[in-house]
Amino acid sequence: MFHIYCPHCAEYREEEEFHAAGQAHIARPLDPEACSDKEWGEYMFFRKNPRGIHHELWVHAAGCRKFFNITRDTQSYEIKEVYKIGEKPSVVAE
Amino acid sequence: MTQQNRLQSGGRIDRSKPLTFTYNGKQYKGFQGDTLASAMLANGVNVVSRSFKYSRPRGIVAAGAEEPNAILQLGATEATQVPNVRATQQELFNGLVSQSTNGWPNVDTDVMSVLGKVGGKMMPPGFYYKTFMFPESLWNTYESLIRKAAGMGRSPLENDPDSYDHINQHCDVMIVGAGPAGLAAALAAARSGARVILADEQSEFGGSLLSTTEKLDGKPASEWVSAVTEELRSYEDVMLLPRSTVNGYHDHNFVTIHERCTDHLSDIAPVNQARQRLHKVRAKWVVLATGAHERPLVYSNNDVPGCMVSGAVSTYINRYGVVPGNELVVTTTNDYGYQSALDWHDAGRKVVAVVDTRANPAGERVDAARQRGINVITGSAVIDVQGSKRVSGVSVAPISADGNKVSGSVTKLNTDTVATSGGWSPVIHLSSHTGSRPIWNDEIVGFVPGPTVQKQLTAGGINGSYNTNSVLSEGLEAGLKAVAEVGLNAAEVVLPKAEDVKEGASMTLFHIPHLKPTSQAPKQFVDYQTDVTAAGIELACREGFESIEHVKRYTAMGFGTDQGKLGNINGMAVAAKALNKTIPETGTTIFRPNYTPITFGAIAGRNCGELFDPKRYSAMQMWHVERGAKFEDVGQWKRPWYFPQAGENMQQSLDRECLAVRDSVGILDASTLGKIDIQGRDAREFLGRIYSNAWAKLAVGKCRYGLMCGEDGMVFDDGVSACLGDNHFLMTTTTGGAARVLEWLELYHQTEWPELEVYFNTVTDHWSTLTISGPNSRKLLAELTDYDLSNDNFSFMDWKQIKVAGVPARVFRISFTGELTFEINVQANYGTHVWEKLFEAGAKYNLTPYGTETMHILRAEKGFIIAGQDTDGSVHPFDLGMGWCVSNKKPFSYVGKRGMNRQDCVRDNRKQMVGLKTKDPKVVIPEGAQAVLDPNEPIPMKMVGHVTSSYWSANLGHSIAMGFVKGGLDKMGETVYYPLVDGTVIEAEICSPIFLDPKGERQNV
Amino acid sequence: MQRYSGFGLLKHSLTHHENWQRTWRNPTPKKEYDVVIIGGGGHGLATAYYLAKEHGITNVAVIEKGYLGGGNTARNTTIVRSNYLWDESAHLYEHAMKLWEGLSQDLNYNVMFSQRGVLNLGHTLQDMRDIERRVNANRLNGIDGEVLDPQQIKEIVPHMDCSDNTRYPILGASWQPRGGVARHDAVAWGFARGADSFGVDLIQETEVTDLIIEDGTITGVKTNRYGDIKAGRVGCVVAGNSSVLAKKAGFELPLESHPLQALVSEPIKPILDTVVMSNHVHGYVSQSDKGDLVIGAGIDGYTGYGQRGSYPTIEHTVQAIVELFPVFSRVRMNRQWGGIVDTCPDACPIISKTPVKNLFFNCGWGTGGFKATPGAGNVFAASLATGEMHPLAEPFSMFRFHDGALIDEHGAAGVAH
């Protein structure tokens, strides 16, 4: 079970308080109508799904309800950093 | 019966407290401090089980968690049965009832063993993959016979009378194992002021020191153990957990501990006590001081009762005062093996010989044996054992220097016990739970923990350190390191000194050769519990199963309840030799939780039965219960389903409730609908982006229905939102969808449109919602308020802040029944008050409570959908015929818009929601019935849709249904067929789903 | 190929089992193959077997980075059923079911396919509507199925709590008598042995490090042990690693890889004769021929390649099992483990061409891969043989996530398998 630091609560809390919400930094296209079906499908469904360093979106669902980002190794499950929406990760895959 | 193997003195048992226990119906005596196993050995019990495949008699081999054979059924009553209890870990208590689990008519005389002897030759590893195939039809018969032999113990057939606790813990240092290393680590951490948890699976701390004759600072080791334990107990921040097995080491230093609180007292917990407790620990640092298990050697007939691992023999003598036999032969590759001979000799019984595979053993223990006059046979090994239910003798032969073959003639020795030592295997199980791969260490001939990302330290036997002084100092070092890591100042700890025993080098040998090749030699067991032999492993390798994982899976090695604690390394060695590889080349051995099995009840804790999942009730719950309501589970909510009156069946209740609403007035408890309060300058803009319809012009005081879609354009929730103020809305959601919708809103706000000023809060539980519906609802409400309820002043889709029964209320004039309806929302605490006032005033209108089922019927008469029942994630608003709820004029491309315009979403012939009128108006199509166009088509039939909602309508006097039909909106008046499971076919005409009041006049009056 | 039979066992027992042939060869790969299959799990091996058996294409290599059948094939809870909701998936899984029936004889390897029936429990009125819908669809698709009431369920599973005193009483169930379990390892080994007997090269302990793509067409693979191996067509069947290989081919997949955990009890005497699954309380259980209760847990919500998940998932599952079977409270859990499941947004697999010519993917089975093994291998083999997707595979194109023709099986696949 993960031990996750919520950057909004500024505390470590148990994983049960959080939901994983998938890959982070997927921006909704600003003009959806200009997207082809392919582009829209890729926005909705296609994912990096890396083995290794992954930037992912989590929400402190049973806490402050805030979304935030985690950089985590999907193989070792080590959390490398936690950062707020709008911020950039400092740990990135090679 | 006397305890013929019990020593007069010595050991840690309390001879003043005799205990009585039963094994296979026979009474025996033991003492406080015994394990079930030590007491059985004291009484000379030889056979404790029958082996899984060959029904061979088996005895106790070990003294701890690694025991493969002594797996018993425990329990004096049906409800307190415990299957598969390891006798070596079960403390004896008075009145304990135990049984062996296999063997017919009994474990001593098992007719299956005949089959095992004869048929065993036909049962090499994987034999079942090669047979039972012909004829195909007989497989079920074969399998039912195979299944008869399955299992060891049995499940109780009555419910568990005991309860189990969970407790969350946090600490600086979690120390696993309270042997010398763990105690030293704990002492260092505790003295330095750290929050420490020290857990050990045994009943008392001390680990290997409890069964040693070794001295610390010249005094019995147990004295140091007591002193340290006493000191640890004095620290407020130190938690000591005996009888507590650390079963799992999970990511981010999360550790689960299974504490057996009362299993040493009885098979049922004393009143008001939990039987077991699961500790869930988040530790800053974890120190693994789990020790090592001794490896037996693999030789022929090494499973005959009386064959034991050497260290276990010492443990039984020194800790329990039990000598598990009269005569002993030791077969060893190392100095440690001699210890059992020394202890046996010192206990006054005969050591026949120590057989050492080394040509020139030289160490202090060897010297000690020789000094005692023990016959030491060097360069030799026990290659075979005689006896069936107890060892009667051994065959000893010289072996070659590489250990690969017998190099001389066989000598037979009489003995009833064989102690074996092939060295030690570090207990690395926990360290590999988090994905760390163990590393082979040639020097100690074993796997040690590999690199890990956990904050983990290791000390003692787990590292392959077996010398007491180094074990102690590694423990101390780990404790100090952990203390430093958590930022505390290290306190001083002076360790006791053990005498350094000079040891000779061990020989690396696992599998003892026989005169015959392995395939023809008498069975040489590697994994007792799964009946895996050296020959079986060699066969697996010959057949191409070359990865150790293949070998394990093909032979079932390591798949027992002991998870191969004794056998895995031996098995890898046999495979490596067969494949001409090194042990690490065959692979590593990966351990998974649990270290030892853990009771399901303990994992479930209190979260079963009543507490399996929270129940949510509205404020009026007691009223509903008192009126005999039947309830339906909707999400976690208990909702009144219908309110039967005396003598009614369900349909009669529904008919009555439905008619009451349309004829006069009914009342529904709608409190469970999700309610989200939305405020902020941009609340309106936000709604417009998240709903498919327009919200820009909704005036204060007005309500509007909205559909919520995913980015794929598919409907996932719906509800009415009210404009409470320019910057303030109240959104309602489906009962089951409330939490999901709130998270959905937060997601879009926080990640996509943070520039919008809008705030969300759930207010579901804050309000009671009392929906009165029917032509008399206005008159009824008027009795409880002075407010002008006229249609002009309070129109359809208005909401008003008024007082109802003296209570401030938000009243919404919205309708899910199609009737004139007022949805009265009051602070939840006033719900029952207003509800009861409505009934006081409502008697003259025959105010009728109705439940979800009537609500479903009434809305279906109107063709209103229920998200989740009439939608399934694959329908967009146009499929539902709800294009009116989609705005194409909104400037912002709202969530769902782009999705519902994808190629597949705009194609012809999609499944569309229609109404269905059965040809026979009395027939109600079952919900879930599948539509076909040609009822005579052979199977597989082409299905064109299905029924989502279907009811008997008492109001209309005929059945009604809603469902999907391919291209249904263009097929009005056409016929579809519903072939049912019972072979009948229902014929129905496609129609508008609005069966009643298509112009919507009734709700508008 | 050496035939297996009871008589053979007897014969070999006379020679101390010293003369059994290898189950498969351990060949050094050739430089070039007609078809290279990446991934030696159940699906990959079945693909190779059917390529050889049904299409006569034997110049085939299966390249496996670990050992055969060592991924999800070795880690699942072995449930086989075909009672899926939508026509597309129902036909695919039923195709598999028909192959399961008779597979032991076809392979001359007893995969212990045991049709002891599968119950999918319903605990809410909506569950029951969904069950009715699915069973009706199944029957019209020629798939066996019945809807049972609690009394009928009790007769099949006497030790389950079918009373209405539970938090979520059992209201009914769907029942597929032809469903059941199979011996997972044997499935991989049986297909491996069969493929090998046709001359397929099974290359273990060899990792494909890259794909060789020229002008948008795949021409071979690079390996860590044997350098480049040329291939006419390449089939990628690497559950738990699909996105990683897709990235090497230059595209993304609509997949997320999640931990899926399972656990077994200690072996106990037979007490449960069928497969019981509940989406609502989130648990499913069967009892193996060895006596273990084999229990499947839910999917963890995060991406994870660690073959392990989080403890609360195990706790919730065990709670569900004890809720369904209060008598199991004192039975003990022996071992837990995890697999990596590639989940698709619509809970259906991808069996598809890709943006790279001659490169085909079979992935995204989520929790449903094992039961489809023979069927998936069969249709994937046909697609690799002809270069055109088998009609049963056609709807499972990865491009459905562009045009929107999804096959949403969340209801039927749910958490349970």
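Residues numbered from 1 in each chain as written. Chains lettered and ligands numbered in written order. Predicted model: local features only at pLDDT ≥ 70, side-chain atom pairs only at ≥ 80, totals over all residues. Heavy atoms only, no water.

Novice: Sorry, what's going on with the sheet that holds strand 6 (residues 172-176) of chain C here?
Specialist: Strand pairing in a sheet is mediated by backbone hydrogen bonds. Such pairs are either parallel or antiparallel. The sheet built from nine strands is open, its strands ordered 31(B)-16(C)-12(C)-15(C)-14(C)-13(C)-4(C)-6(C)-5(C) with mixed pairing. The open sheet has two edge strands with one neighbour each: strand 31 (598-599) of chain B together with strand 5 (146-148) of chain C. Where strand 14 (residues 283-287) of chain C lies against strand 15 (residues 293-299) of chain C, four bridges are found, and the strand directions are antiparallel. Bridge pairing in strand 15 of chain C links serine 286 of chain C to valine 294 of chain C. Sheet strands touched by helix 5 (residues 125-140) of chain C: strand 4 (118-122), strand 5 and strand 6 of chain C. Its angle to strand 4 of chain C, the strand with the most contacts, is close to 145°. (Pairing = 2+ DSSP bridges. Helix = DSSP H or I, 4+ residues; strand = E, 2+ residues; numbered from the N terminus. Contact = heavy atoms within 4.5 Å. Axes fitted to C-alpha atoms, helices over the stretch in contact; angles between N-to-C directions.)

Novice: What is the right way to look at the packing of aromatic side chains in this model?
Specialist: Any aromatic ring pair is given by two values, namely how distant the centres are and how the planes are angled relative to each other. Enumeration according to the criterion identifies 58 aromatic pairs over all chains in this entry. Between phenylalanine 2 of chain A and tyrosine 77 of chain A, the aromatic rings sit 5.6 Å apart at their centres with planes inclined by 70°, giving edge-to-face as the arrangement. Taken together, the residues phenylalanine 2 of chain A in the segment before strand 1 (3-6) and tyrosine 77 of chain A in the loop between strand 5 (67-73) and strand 6 (79-84) connect sequence positions 75 residues apart. Tyrosine 77 of chain A matches phenylalanine 2 of chain A in its accessibility class, with the two residues each being buried. Plain terms: the ring middles of tyrosine 691 of chain B and tryptophan 695 of chain B are 4.8 Å apart, the flat faces sit at 20° to each other, and that makes the pair stacked. Residue tyrosine 691 of chain B is classed as buried on the basis of its relative accessible area of 0%. (Phe/Tyr/Trp six-rings, centres within 6.5 Å; stacked < 30°, edge-to-face > 60°. Buried < 20%, exposed > 50% of the residue type's maximum accessible area, 1.4 Å probe, protein only.)

Novice: Quick question: what am I supposed to make of unusual backbone geometry here?
Specialist: Keep in mind that most residues, glycine aside, have a negative phi and that most peptide bonds are trans. In this model, tryptophan 104 of chain B is joined to proline 105 of chain B through a cis peptide bond whose omega is 5°. With respect to the helices, strands and loops of the structure, proline 105 of chain B is situated in the loop between strand 7 (96-99) and helix 2 (112-119). Here the bond from phenylalanine 134 of chain B into proline 135 of chain B is cis, since omega is -15°, no more than 30 degrees from zero. Mapped onto the elements of the fold, proline 135 of chain B is located in the loop between helix 3 (127-130) and helix 4 (139-148). Phi at threonine 78 of chain C is positive, roughly 65°, even though this residue is not glycine. Turning to its location among the elements, threonine 78 of chain C is positioned in the loop between strand 2 (60-63) and strand 3 (79-80).

Novice: What exactly am I supposed to notice about the interface of chain C and chain A here?
Specialist: Think of interface size as the accessible area that goes away when the parts come together; that is how it is often given. Each partner contributes to the interface: chain C provides 30 residues, whereas chain A provides 26 residues. Here chain C meets chain A over a buried area of about 2200 Å², counting both sides, of which 51% is carbon and sulfur. Three residues stand out in chain C for area buried against chain A, namely Tyr302, Tyr305 and His402 of chain C, and they jointly supply 29% of the buried area on that side. Across the chain C-chain A interface, the total number found is one salt bridge. With a closest N to O distance of 3.9 Å, glutamate 252 of chain C and lysine 48 of chain A form a salt bridge. The interface formed by chain C and chain A holds 13 residue pairs in polar contact (both at pLDDT 80 or more) in total. Only helix 8 (242-249), strand 12 (256-265), helix 9 (311-324) and helix 11 (400-403) of chain C provide two or more residues apiece to the side of chain C that touches chain A. Each residue belonging to the side of chain C that touches chain A can be placed in one class, and the counts come to 14 nonpolar, 11 polar and five charged. (Buried area = accessible area lost by both parts, 1.4 Å probe. Salt bridge = Lys/Arg side-chain N within 4 Å of Asp/Glu carboxyl O. Polar contact = N/O pair within 3.5 Å; in protein donor to acceptor, adjacent residues only side chain to side chain. Nonpolar A, V, L, I, M, F, W, Y, C, P; charged D, E, K, R; others polar.)

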